[in-house]
Amino acid sequence: MTLLLSLPFRLEHAYGLTPSEVGAMIAPWPLTTMIVAPTAGSLSDKVPAGLLGGIGMTVATIALLLLAFLPAHPGYADMAWRMALCGSGFGLFLAPNARLIVGSAPRHRAASAGGLISTTRLSGQTLGATLVAALLAFGLGEGPVPPLVATCLAVIAGVCSVARLNPALRRPSPSEVEPGAA
């Protein structure tokens, strides 16, 4: 959200694009997410969601860095592939995570799990909007800083996602695992 809310300011003020050009430049992100997310959701039947999320956030991190360091005069193609890369990364992250959360809840709590996903998403959007407002207030909202902040947040999300691959925070000693040993 930090990137998506700050990008129109950057594209319009720093690069002189019209609002319709800005919309066209941002469009590849949701369009790619619309294609990748259902595929990633299906793929999470076979591949752990933590792995898909880690790969997704790695892709998104690379794309966010590429957006932070745009060429001096980016054309539509320069933006489109970067935005599509972001959309694919977030699509690989969001759908498997949502599927894992809802699928991990007992059947009678599935609606609550869906509510948790919505609450988390809205909290992230609120945090992103607040960060953009703060960056704009400090005069940093139209340059590479918002994508760099978004990159840091994507790295944190990726690390958290990959951390789920090994759910044990503490490895039990052999005496705790083997029955009768102690």
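This text follows the structure it describes.
Presented here is an overview of the structure given in this document. (Residues numbered from 1 in each chain as written. Predicted model: local features only at pLDDT ≥ 70, side-chain atom pairs only at ≥ 80, totals over all residues. Heavy atoms only, no water.)

1. Some remarks on the overall build of the chain
Of regular secondary structure, the chain possesses eight helices and zero strands. Secondary structure elements in the chain, listed N-terminal to C-terminal, are α-α-α-α-α-α-α-α. Reported as C-alpha extents along the three principal axes, the dimensions of the chain are approximately 75 × 30 × 25 Å. A sequence separation of at least 24 residues applies to 74% of the contacts in the chain between residues at least 6 apart. For the chain, the exposed area adds up to about 10,200 Å²; of that, 71% sits on carbon and sulfur atoms. With 10 positive and 7 negative side-chain charges, the chain shows a spacing of 12 Å between the two charge centroids. (Helix = DSSP H or I, 4+ residues; strand = E, 2+ residues; numbered from the N terminus. Contact = heavy atoms within 4.5 Å. Areas by Shrake-Rupley, 256 points an atom, 1.4 Å probe, with all protein chains shown as cover. Lys, Arg positive; Asp, Glu negative; His and termini not counted. Charge placed at Lys NZ, Arg CZ, Asp CG, Glu CD.)

2. A word on the packing of helix α5 (residues 76–104) against helix α6 (residues 110–137)
In contact at an axis separation of 8 Å, α5 and α6 are set at 150° when each is read in the N-to-C sense. For the element pair α5 and α6, the recorded crossing hand is right-handed. Contacts from Ala98, Ile101 and Val102 of α5 reach α6 at Ala110, Ala113, Gly114, Leu116 and Ile117. Within the contact of α5 with α6, the residues separate by chemical class into seven nonpolar, one polar and no charged. (Axes fitted to C-alpha atoms, helices over the stretch in contact; angles between N-to-C directions. Left-handed = near helix turned anticlockwise from the far one by under 90°. Nonpolar A, V, L, I, M, F, W, Y, C, P; charged D, E, K, R; others polar.)

3. Regarding the pattern of salt bridges
Once their charged atoms are close, side chains differing in charge can pair, the charge on each being opposite to the other. Applying the stated rule across the entire model yields one salt bridge. A salt bridge links Asp45 to Arg99; the shortest N-O distance between them is 2.2 Å. Of this pair, Asp45 sits in the loop between α3 (28–43) and α4 (49–68) while Arg99 sits in helix α5, placing them 54 residues apart in sequence. Here Arg99 falls in the partly exposed class, since its relative accessible area comes to 41%. (Salt bridge = Lys/Arg side-chain N within 4 Å of Asp/Glu carboxyl O. Buried < 20%, exposed > 50% of the residue type's maximum accessible area, 1.4 Å probe, protein only.)

4. Here we look at the environment of Arg99
Separated by 57 residues in sequence, Arg99 and Ser42 have C-alpha atoms that sit 9.2 Å apart. Every residue in contact with Arg99, bar those within four places of it in the chain, is listed here: Gly41, Ser44 and Asp45.

5. Thoughts on the packing of aromatic side chains
Counted according to the given criterion, the structure contains one aromatic pair. Their ring planes at 25° and their centres at 5.2 Å tell us that Trp29 and Phe90 sit as a pair that is stacked. Linking Trp29 in helix α3 with Phe90 in helix α5, this pair joins segments that are 61 residues apart in sequence. Residue classification places Trp29 among the buried residues on the basis of a relative accessible area of 10%. (Phe/Tyr/Trp six-rings, centres within 6.5 Å; stacked < 30°, edge-to-face > 60°.)

6. A look at the packing of α3 against α5
It is the contact of α3 with α5, at a shortest axis distance of 7 Å, that shows an interaxial angle of 35°. Classified by chirality, the crossing of α5 by α3 is right-handed. Looking at the contact of α3 with α5 residue by residue, the classes come out as 14 nonpolar, six polar and one charged.

7. Thoughts on a nonpolar patch on the surface
The grouping of Leu51, Ile55, Val162 and Leu165 at the surface amounts to a nonpolar patch, some 300 Å² of accessible area in total. With respect to the helices and strands, the residue Ile55 is situated in helix α4. (Patch = residues over 30% accessible without salt bridge, like charges linked within 9 Å, V, L, I, M, F, W, Y side chains within 5 Å.)

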